[in-house]
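Next come the chains, spelled out residue by residue.
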Amino acid sequence: MVTLLSLAWQTIRTRLGGFAGAFIAILCGTALVAGCGVLMESGLRAGVPTQRYAAAAVVVGGAQSVRPPGADALSSEQVGEQPSVPEALAGRIASVPGVRAAVAEQSFPAQVVTASGEVLGGPQSLGHNWDAAVLAPFTLRAGAAPAAPDDVVLDADLAQQAGVGVGGQVRITTRSVPRTFRVSGVVNALSRQSALFFTPQRAAELTGQPGQAHAIGVLAEPGVAVETLAERIGAVAGGAEVTTGVERSTIEFLDVSQTRTLLLAVAGSFGGFALLVAVFVVASTLALTINQRRREFALLRAVAATPRQIRKLIGTETTLVALVAGVLGGALGLAVAAGLRDAFAAIGVIPADFGLAISPLPSLAALLLGLGAARLAAWAASRRPSTIRPVEALGEAAVERRELGRGRLITGWSLVLVGFGGALVPLFLRGEIGTAVSTMATLVIVIGLAVVGPQVTGLVTRVLAPVLGRVWRISGYLAGANAQANTRRLAAAVTPLMLSVAFALATFYSQTSSTAAAAEETARSTTADYVLSGPAGVSPEVAAALAKVPGVATATPVVRTSVITASTVGDGVEVQRKPAQGLAGDQVRGALELGVDTGRLADLSGDTVALSRSEADWLDKKIGDEVTFYFGDGVPAKLRLVATYTHDLAFGDFVLPVALAREHNGGRLDDSVLVRRSPDADPLSVASALRSLPYPGLTVASPAPAASEGGERQAQFYLNLVAVGVIVGYLAISVANTLVLTTAQRSREFALLRLVGTTRRQVTRMMRLEALATVGIAVVIGTVVAVVPLGLLNVGLRGTPLPSGPWSVYFGIIGGAALLGLVAMGLSTWVALRARPIDAIGLRE
């Protein structure tokens, strides 16, 4: 074993250039996987510092996830709306030993309105009951606590923005028209939110949830351990969520819980893609490196080295390189995770103050996965040099093997067929699943083509070589002859470039096409003339007030929410959160067209629901059947099906009565109101009447985005764009790595050409032609591989095979691929040609 390690180490030292490619591939792959691991761990136990509950040892809130009966521990889904907790629970918690006080906190939208009608504080401006101020604690800077029903305490920032002090008058809007309150005091401000405090009685009135609280903060007796107290409270809390430490922020801020779930999902899927690509790239790089050492392995076989010894030598060399690269990559993964966190925060997907959980586990896991991938790649690449017969060894070193094994051909073409079969799925299954399957199908096709790459490139070069020879006589002939004689080398250069092009095109244009399909369906489905919206939502009173405005035919309130479904799949339970809309069924006609095919939306009231046709078929539900699911806040629902519709891209799979949707929406507000004017009404008069409503912050705009989830879709698009950009960047590094390796090994070939009379200029032109051929083959195949699934996806989503999205991105991708290929091969050729031919011809292979 010591001898083998010594031999492997000596080989690495003398072939640093050859092993550099594998080192870089493993280093970058491990860093990517480690970065995703850090994000996953952060999704499990990171958060933001709590603010309103900083003084509370334990915070009790509504359950933050739904786990249906029969589901395993991993089959749960994060709630999409803020859950509440019974206010009476505070009394039971107060009797627990070690509890000094248990305070129920009310929380509801409340905003200060200036004299000019400007709304201060934004969506994170919340009203609370004064007795919950002790949980922060909020301390009075001036004035006194609210005592009368019309008293309010403002935080210092709000008071400054409003230009009001103690004793002054201020207008505040909650879920109704603004009311005037007297400022009785001013407290310290928080960085993440604005706070207004009312008397407990007025807060209970304004919250709109009698008997319910946002959370219960628990103050501990001195000397009581937090963990012990949490266990005691958990015994009486029923199904409520009991949190301590950083977990308290998940109760305070709904976006923190959603961020943790998002990080788990994104890092898991992104990490899976990164690992798959890393295995692929590492295997390709190692195969190329080992192929360059054919003469060395041939000599070892000729001097009686056994196949097992050859495999062990390759495995040991790979392990040493992978170990060093994995350790460095694991450390680099921390920087990758921080960069991804900052990128996600910049596009608004996660809070900017969301911290990362740092531990050695992700780096260790990435190291082990990197070692495993490298050893698997080494085993696959070592089979050929370890199994040739000694008598054939030296001959094998001189001529590249042309034919591919039957098993490899069957595997490769089978993957291609499976990929094209998967590309047909969006014709029958729309939505996010169809889009994801389409992208995965592209990746499977590329991997299949990579397996049979030498055969594919061989077919292409048979057509390409004569053309090169006729157009550029000497250089073109040499480039064509090289391509035909070294199809494996050409395939090794083409494959990562093809993967980059196909993966980038498929991922980008699948997202733009999906977004365009939803936008087009929304535009067709929205027949209203105006949409009213506000920065924090719209009061439920607005729709009723609009019904009295002259010239308004219908006013349809819209509440965007979500539901959680549980479906039995095989022996398990699949839990999903799906988008939903809350609509007034009797007001929809004339403002929205959902494509109703059975039932009537006019019956959408009380405990009823409308489903998309695809969802109804999946659940096997018909009109009048009972549909069970969970509302966005986790409350179980049993509603009667009254209608099915076909425009699910615009409206999601569930449409609820607007009153029911409001009841399970944390803010109890509408997202927008769609207005249809009467045919004989004057548009200017109606628009002017809409703008004069006594609800501050309302904006009147085009109705195009009213029913869509443009914000979420756009965030998801940018999220995928960031993730894809990182993977494409990794692929770009591997492409340059591979092209440099394939060119650097040809120093003796260049020297021989120059010694037999070929000029330096002719060799350089030959390599430029080879680079153009490499890039051309990769771009053409990569484009075709991506276009077929994209065309089928667009036929299924939009009825046309043409993908949606800017052409400039396509030209940017192929231009970047071409530039990368030409620069990598050009620089390595220039370096290889610097040596004198008589010196280079004597170099070892």
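Residues numbered from 1 in each chain as written. Predicted model: local features only at pLDDT ≥ 70, side-chain atom pairs only at ≥ 80, totals over all residues. Heavy atoms only, no water.

Caption draft 1: Structural view of the packing of helix H8 (residues 254-291) against helix H14 (residues 432-451). Between H8 and H14, whose axes approach to 12 Å, the crossing angle comes to 10°. Considered as vectors, H8 and H14 are oriented roughly parallel to each other. Contacts between H8 and H14 pair Phe 273, Leu 276 and Phe 280 from the former with Met 440, Leu 443, Ile 447 and Ala 450 from the latter. (Axes fitted to C-alpha atoms, helices over the stretch in contact; angles between N-to-C directions. Helix = DSSP H or I, 4+ residues; strand = E, 2+ residues; numbered from the N terminus. Parallel < 35°, antiparallel > 145°, perpendicular 65-115°, else oblique. Contact = heavy atoms within 4.5 Å.)

Caption draft 2: Structural view of the nonpolar core. Of all hydrophobic cores here, the largest spans 57 residues; its most connected members are Leu 449, Met 498, Leu 505, Val 779, Ile 781 and Val 785. Contributing elements (two or more residues each) for this core: helix H2 (16-45), H8, helix H10 (307-346), helix H11 (360-387), H14, helix H17 (487-525), helix H25 (760-798) and helix H26 (807-832). Per-element tally for this core: the top contributor is H17, with 13 residues. In terms of nonpolar packing, the next biggest core, distinct from the first, is built from 24 residues, Val 38, Leu 340, Phe 344 and Val 722 among them. (Core = buried A, V, L, I, M, F, W, Y, C linked by side-chain atoms within 4.5 Å. Buried < 20%, exposed > 50% of the residue type's maximum accessible area, 1.4 Å probe, protein only.)

Caption draft 3: Here's a closer look at the sheet that holds strand S1 (residues 58-61). Taken together, four strands build an open sheet; the order of strands is S5-S16-S1-S17 and the sheet is antiparallel. Strands with a single pairing partner mark the edges of an open sheet, and in this sheet they are strand S5 (99-105) and strand S17 (241-243). Shown here is a sheet whose adjacent strand axes are inclined to one another by a mean of 20°, direction ignored. Relative to strand S16 (residues 215-220), S5 runs antiparallel, the two being bridged by six bridges. (Pairing = 2+ DSSP bridges.)

Caption draft 4: Representation of the packing of aromatic side chains within the structure. Going through the model one piece at a time under the given rule, you end up with ten aromatic pairs. Relative to Phe 198, the ring of Phe 108 lies with its centre 5.8 Å away and its plane at 35°, an arrangement referred to as tilted. Of this pair, Phe 108 sits in strand S6 (residues 108-109) while Phe 198 is found in strand S14 (residues 194-198), placing the two residues 90 residues apart along the sequence. Assessed through its relative accessible area of 1%, Phe 108 is described here as buried. Ring centres 6.4 Å apart and planes at 35° place the aromatic pair Trp 807 and Phe 811 in the tilted group. On the criterion of helical spacing, the pair formed by Trp 807 and Phe 811 is a turn pair, its members being four residues apart in helix H26. (Phe/Tyr/Trp six-rings, centres within 6.5 Å; stacked < 30°, edge-to-face > 60°.)

Caption draft 5: Region of the structure containing the pairing of strand S13 (residues 179-187). Across three bridges, the pairing between strand S10 (residues 140-143) and S13 is antiparallel. When the bridges of S13 are listed, Gly 143 appears paired with Gly 185. As paired strands, strand S11 (residues 151-155) and S13 are joined by five bridges and run parallel to one another. Counted as the bridge partner of Val 153 is Gly 185 from S13.

Caption draft 6: Molecular detail of the side chain of Arg 192. Looking at the secondary structure, you find Arg 192 in the loop between S13 and S14. Side-chain polar atoms of Arg 192 contact the side chain of Asp 255, separated by 3.2 Å. Within polar-contact distance, the side chain of Arg 192 engages the side chain of Asp 353 at 2.9 Å. (Polar contact = N/O pair within 3.5 Å; in protein donor to acceptor, adjacent residues only side chain to side chain.)

Caption draft 7: Region of the structure containing empty space enclosed by the protein. By the definition in use, this model includes ten cavities of 30 Å³ or more. Of the volumes computed, that of the largest cavity is approximately 190 Å³. In terms of residues, the lining of the largest cavity owes the most to one element, strand S18 (residues 530-538), which gives five residues. Classifying every residue of the lining of the largest cavity gives ten nonpolar, eight polar and one charged. (1 Å grid on protein atoms, 1.4 Å probe; cavity = no way out; pocket = protein on both sides within 12 Å on 5 of 7 lines; lining within 4 Å. Points joined across faces, edges and corners; volume = space filled by probe spheres on them. Nonpolar A, V, L, I, M, F, W, Y, C, P; charged D, E, K, R; others polar.)

Caption draft 8: The arrangement of the environment of Thr 114 in detail. Mapped onto the elements, Thr 114 comes out in the loop between strand S7 (111-113) and strand S8 (119-120). Taking the C-alpha atoms as reference points, Thr 114 and Val 170, separated by 56 residues in sequence, lie 7.7 Å from one another. When neighbours within four sequence positions are excluded, Thr 114 is seen to be in contact with Leu 120 and Arg 171.

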